[in-house]
Amino acid sequence: MPVRLAILASGRGSNLQAILDAIKAGVLDARIAGVFSDRPDAPALQRVPEALRWSRTPKSFGGRTAFDAVLADAVAACEPDWVVCVGYMRILGEAFVQRFAGKILNIHPSLLPKHKGLHTHQRALDDGDAEHGASLHFVDPELDGGAVIAQARVPVLPNDDADTLAARVLAVEHPLLLGVLQLAASGRLAERNGQATLDGQALFTPLSLESMAT
């Protein structure tokens, strides 16, 4: 039976489209149970039928705590097996995280724990990093915290700017996300005591994109 995915997105939804394409191609045994956004104008919402869309602004609820509570109720109503954050630009509060403990995944454009937060590509350039990339991790209440499951690495080239580096990272984000979702859909992925596990064994170092492709 396909796993049910609740998608949280704030932007254009390119990772969501990669998920939709993989489902259509039969390489990901999943279905989209709902797409949720804090931005009613987010292009990601337009990638799914209207019946699957939910969007509200935090200001309309008077703040983060009330918004998170309403969002959590909406997500729970679609009965997801996994909650997947793809370009969701808000920190999820502790109550939300606890409600879906061990079932929330996030993709972040850096090699965590480096460059948590925003503007990761420019920060990698400013720091003179030789490599950059993306991480897929379980979510906890800390900004871009939680156990890292897998990472994809790309070189930082001499003539890179933030845009060219971002494009190179995005090219590996999609297969990284799909590789981890395939593990989740097959029941192989879990979180125990704040640590990612695969087939019941603790992951002491993140999986690589190459290892998931084999």
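Going by the structure above, here's the rest.
Note that this is a predicted model, so its numbers are computed, not measured.

Attention now goes to the sheet that holds strand S1 (residues 3-8). Spatial strand order, S3-S2-S1-S4-S5-S6-S7-S11: 8 strands in an open sheet with mixed pairing. The open sheet has two edge strands, strand S3 (53-55) and strand S11 (207-208), and neither has a second partner. Relative to S11, strand S7 (residues 148-155) is paired through 2 bridges, and the arrangement is parallel. Counterpart to Ala 150 in the pairing with S11 is Leu 207. Across the sheet, helix H2 (residues 64-77) touches S1, strand S2 (30-37), S3 and strand S4 (82-86), and the angle it forms with S3 is around 170 degrees. Contacts between helix H5 (residues 162-185) and the sheet are confined to S1, S4, strand S5 (104-108), strand S6 (131-138), S7 and S11, with S7 contributing the most and set at about 155 degrees to the helix.

Cis geometry marks the peptide bond from Leu 112 to Pro 113, where omega comes out at 10 degrees. With respect to the helices, strands and loops of the structure, Pro 113 is situated in the loop between S5 and helix H4 (120-126). For Asp 199, which is not glycine, the phi dihedral falls at a positive 55 degrees. You can see Asp 199 is positioned in the loop between strand S9 (195-198) and strand S10 (201-202). Look at Asp 199 and you get partly exposed, because its relative accessible area is 47%.

Turning our attention to the nonpolar core. Among the nonpolar cores identified, the biggest contains 46 residues, and Leu 5, Ile 7, Ile 19, Leu 105, Ile 149, Leu 176 and Leu 189 are the most heavily contacted of them. Setting aside residues up to four positions removed in sequence, Leu 176 forms contacts with Ile 107, Ala 134, Ser 135, Leu 136, Ala 150, Gln 151, Ala 152, Leu 209 and Met 212. Ranked by size, the runner-up nonpolar core spans 20 residues in total, among them Leu 71, Tyr 88, Leu 92 and Val 97.

Parameters and conventions
- Residues numbered from 1 in each chain as written.
- Predicted model: local features only at pLDDT ≥ 70, side-chain atom pairs only at ≥ 80, totals over all residues.
- Heavy atoms only, no water.
- Pairing = 2+ DSSP bridges.
- Helix = DSSP H or I, 4+ residues; strand = E, 2+ residues; numbered from the N terminus.
- Contact = heavy atoms within 4.5 Å.
- Axes fitted to C-alpha atoms, helices over the stretch in contact; angles between N-to-C directions.
- Buried < 20%, exposed > 50% of the residue type's maximum accessible area, 1.4 Å probe, protein only.
- Core = buried A, V, L, I, M, F, W, Y, C linked by side-chain atoms within 4.5 Å.

All quantities given are derived from atomic positions and should not be read as evidence of function.
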